[in-house]
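One letter stands for each residue in the lines below.
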Amino acid sequence: MESYIDSPEKLKNLYRRVLIVVSLSQIFGGAGLAAGITVGALLAQQMLGTDAYAGVPSALFTLGSAIAAFIVGKLSQRYGRRTGLSTGFIVGGLGAIGVVIAAMMNSVILLFASLLIYGAGTATNLQARYAGTDLANSKQRATAISTTMVMTTFGAVAGPNLVEIMGQFATSIGVPALAGPFILSATAFILAGLVLFIMLRPDPLEIAKRIEAHKQKYEQKNKTESFNKEINKRGLTVGATVMVLTQIVMVAIMTMTPVHMKHHGHGLAAVGIVIGFHVGSMYLPSLVTGILVDKIGRTAMSIASGVTLLFAGLLAAFAPSDSMVLLIVALSLLGLGWNFGLISGTAQIVDSTEPSTRAKTQGKIDVLVALAGASGGALSGMVVANASYAVLSLAGGLLSLLLIPVVIWSRKA
């Protein structure tokens, strides 16, 4: 490991290799997370016979992802990214297998327990974005985040569009059609875990810790340390707030869109197309977003996130229910706004942490993000059942505007 400290060229090559390995795992991870957001609500609706709890699956696997984010963060801090991330993905795969078994047995209790475990894959898929930043300098961080995220697109877009095919495959082997996508999830998450376990060597976080220790050994601490700590606290607060708000809005509207579409005569294939565009917009623009965040700043892109989510909510609220085109545009804007918020918020978190505590801090913040998503998912079904999808979308769009005063506060503080 010491050779990486003494050789900038060797360190640069390792940075590139880490990005490639993490990106490969993200292709599989993207396919794994697609099942839950595409058919999770429909599966619960079918098994429970009511819309009121259709948001529960999203809430459960998001709650599971909150618990997993904390555990994966702790594991990564103690044993390295390789151990933390590979464990999270494999556990998520086991949860997906549990969902399939629950559907075969028609067991709601097993379904809910399995969705909780399945959430580990979702959490790990998001936490993997941090691994690419461990060896990046401050001008590369957002670009590094976006490089790994854009690779998620390949799996994440393919997943929803394989819903019908996986449903037919499931039916052919005696499994309920809506459980079919979870067969894909199980395979994809386990493959993602194996890729990281086998190929992520040496561990980027361990190298980053050694480099930090080496710098501290030869650098004198100065009077700006307490000031820098204050700046870091502010950065953590703003980064976390941006990610939490974008997650609530995105999960709430996304969760109820398949149910809304089904009520208005759209089939599974149509749902798959809309969610495919949505997930594509969550990840595909990442490369451009990362460059913009590094070039024009975290603040500007956080504000852009709030404005984009507002337009998404307004369009989803007022679009005719039978208009596939407008639903695709609304859900695409929803994904894009989330993308802006996640990358700008993540970059602020990385800027505000040191390698010695980075993974643990990132895990804790991802817990808040996941809990925000769980709240959005759980409340979305109740809002739609007691009001309408339009009310939910409008409320989500207006909530996203809170990002603007938060960012303005951070600049004045």
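The model shown is predicted, which means the values in this text are computed figures rather than measured ones. (Residues numbered from 1 in each chain as written. Predicted model: local features only at pLDDT ≥ 70, side-chain atom pairs only at ≥ 80, totals over all residues. Heavy atoms only, no water.)

**Concerning the overall build of the protein chain**
Looking only at helices and strands, the protein chain features 17 helices and zero strands. On C-alpha atoms alone, the protein chain measures out to a radius of gyration of 21 Å, which is about the 22 Å that the 2.2 N^0.38 rule sets for 413 residues. In terms of overall dimensions, the protein chain has a C-alpha envelope of 65 × 45 × 30 Å along the principal axes. Counting only residues that meet the buried cut, the protein chain has 57% of its 413 residues in that class. Within the protein chain, contacts between residues at least 6 apart in sequence are counted, and of these 87% link residues at least 24 apart. In the form shown here, the protein chain has an accessible surface area of approximately 16,300 Å², with 67% of it arising from carbon and sulfur atoms. Across the protein chain, the 29 positively charged side chains and the 17 negatively charged ones have centroids separated by 5 Å. (Helix = DSSP H or I, 4+ residues; strand = E, 2+ residues; numbered from the N terminus. Rg over C-alpha atoms; globule rule 2.2 N^0.38 Å. Buried < 20%, exposed > 50% of the residue type's maximum accessible area, 1.4 Å probe, protein only. Contact = heavy atoms within 4.5 Å. Areas by Shrake-Rupley, 256 points an atom, 1.4 Å probe, with all protein chains shown as cover. Lys, Arg positive; Asp, Glu negative; His and termini not counted. Charge placed at Lys NZ, Arg CZ, Asp CG, Glu CD.)

**Some thoughts on unusual backbone geometry**
A negative phi holds for most residues other than glycine; trans holds for most peptide bonds. Here the residue pair Arg201 and Pro202 is connected by a cis peptide bond, since its omega of -10° sits within 30 degrees of zero. Mapped onto the elements, Pro202 comes out in the loop between helix H8 (180-199) and helix H9 (204-218). The backbone of Asn106 sits at a positive phi, close to 55°, despite the residue not being glycine. Mapped onto the fold, Asn106 is located in the loop between helix H4 (81-105) and helix H5 (108-131). Judged by relative accessible area, which is 53%, Asn106 ranks as exposed.

**A look at helix H13 (residues 298-318)**
Over its 21 residues, H13 extends 31 Å from the first C-alpha to the last, a length consistent with the 30 Å expected when each residue adds 1.5 Å. Every buried residue of H13 is accounted for by Arg298, Met301, Ser302, Ser305, Gly306, Thr308, Leu309, Leu310, Ala312, Gly313, Ala316 and Ala317. (Expected span 1.5 Å × (residues − 1).)

**Some thoughts on H8**
Compared with an ideal rise of 1.5 Å per residue, which puts 20 residues at 28 Å, H8 spans 29 Å between its outermost C-alpha atoms and is within 8% of the ideal. All buried positions along H8 are accounted for by Gly180, Pro181, Phe182, Ser185, Ala186, Ala188, Phe189, Ala192, Gly193, Val195 and Leu196.

**Things to note about a nonpolar patch on the surface**
Nonpolar side chains collect at one region of the surface, where Leu24, Leu191, Leu194, Phe197, Ile198 and Met199 lie side by side and expose about 500 Å² of accessible area between them. Ranked by residue count, the leading element in the nonpolar patch is H8, at five residues. Structurally, Leu24 is set in helix H2 (residues 8-48). (Patch = residues over 30% accessible without salt bridge, like charges linked within 9 Å, V, L, I, M, F, W, Y side chains within 5 Å. Salt bridge = Lys/Arg side-chain N within 4 Å of Asp/Glu carboxyl O.)

**Description of the pattern of salt bridges**
All told, the structure shown has six salt bridges when counted by the stated rule. Ionic pairing is found between Asp366 and Arg129, a salt bridge with its closest N-O pair at 3.2 Å. Pair noted here: Asp366 is in helix H15 (residues 358-386) and Arg129 is in helix H5, with a separation of 237 residues, a long-range link. The same class applies to Asp366 and to Arg129, which are both buried. One salt bridge in this structure joins Arg298 and Asp351, with 2.9 Å as the shortest N-O distance. In this pair, Arg298 is assigned in helix H13 and Asp351 in helix H14 (residues 324-351), connecting sequence segments 53 residues apart.

**Considerations on the environment of His214**
Topologically, His214 is positioned in helix H9. Its relative accessible area of 32% is what places His214 among the partly exposed residues. With 29 residues separating them along the chain, His214 and Met243 place their C-alpha atoms 32 Å apart.

**What to know about the packing of H13 against H14**
Remark: H13 packs on H14, axes separated minimally by 8 Å, with the N-to-C direction vectors making an angle of 155°. Accordingly, the angle class assigned to the pair H13 and H14 is roughly antiparallel. As for how H13 packs across H14, the hand of that crossing is left-handed. Looking at the contact of H13 with H14 residue by residue, the class counts come to 16 nonpolar, seven polar and two charged. (Axes fitted to C-alpha atoms, helices over the stretch in contact; angles between N-to-C directions. Parallel < 35°, antiparallel > 145°, perpendicular 65-115°, else oblique. Left-handed = near helix turned anticlockwise from the far one by under 90°. Nonpolar A, V, L, I, M, F, W, Y, C, P; charged D, E, K, R; others polar.)

**Side note on the packing of aromatic side chains**
Within this structure, the stated rule accounts for four aromatic pairs. Aromatic pair Tyr118 and Phe182: ring centres 5.3 Å apart, planes at 70°, arrangement edge-to-face. Of the two residues, Tyr118 sits in helix H5 while Phe182 sits in helix H8, which places them 64 residues apart along the sequence. The same class applies to Tyr118 as to Phe182, namely buried. When the ring of Tyr118 is compared with that of Phe189, the centres are 5.7 Å apart and the planes differ by 50°; the resulting orientation is tilted. Taken together, the residues span a long stretch of sequence, with Tyr118 in helix H5 and Phe189 in helix H8 at a distance of 71 residues. The burial state of Tyr118 is the same as that of Phe189; both residues are buried. (Phe/Tyr/Trp six-rings, centres within 6.5 Å; stacked < 30°, edge-to-face > 60°.)

**Looking at the nonpolar core**
Ranked by internal contacts, the top residues of the largest apolar core, which has 95 residues, are Leu43, Leu135, Phe182, Tyr283, Leu334 and Trp338. Here this core gets 13 residues from one element, more than from any other, and that element is H2. The residues touching Leu334, leaving out its near neighbours within four places in the chain, are Val249, Met250, Ile253, Met254, His278, Leu309 and Ala312. Formed by seven residues, the second largest nonpolar core is a distinct cluster that contains Ala66, Ala120, Ala123 and Val367. (Core = buried A, V, L, I, M, F, W, Y, C linked by side-chain atoms within 4.5 Å.)

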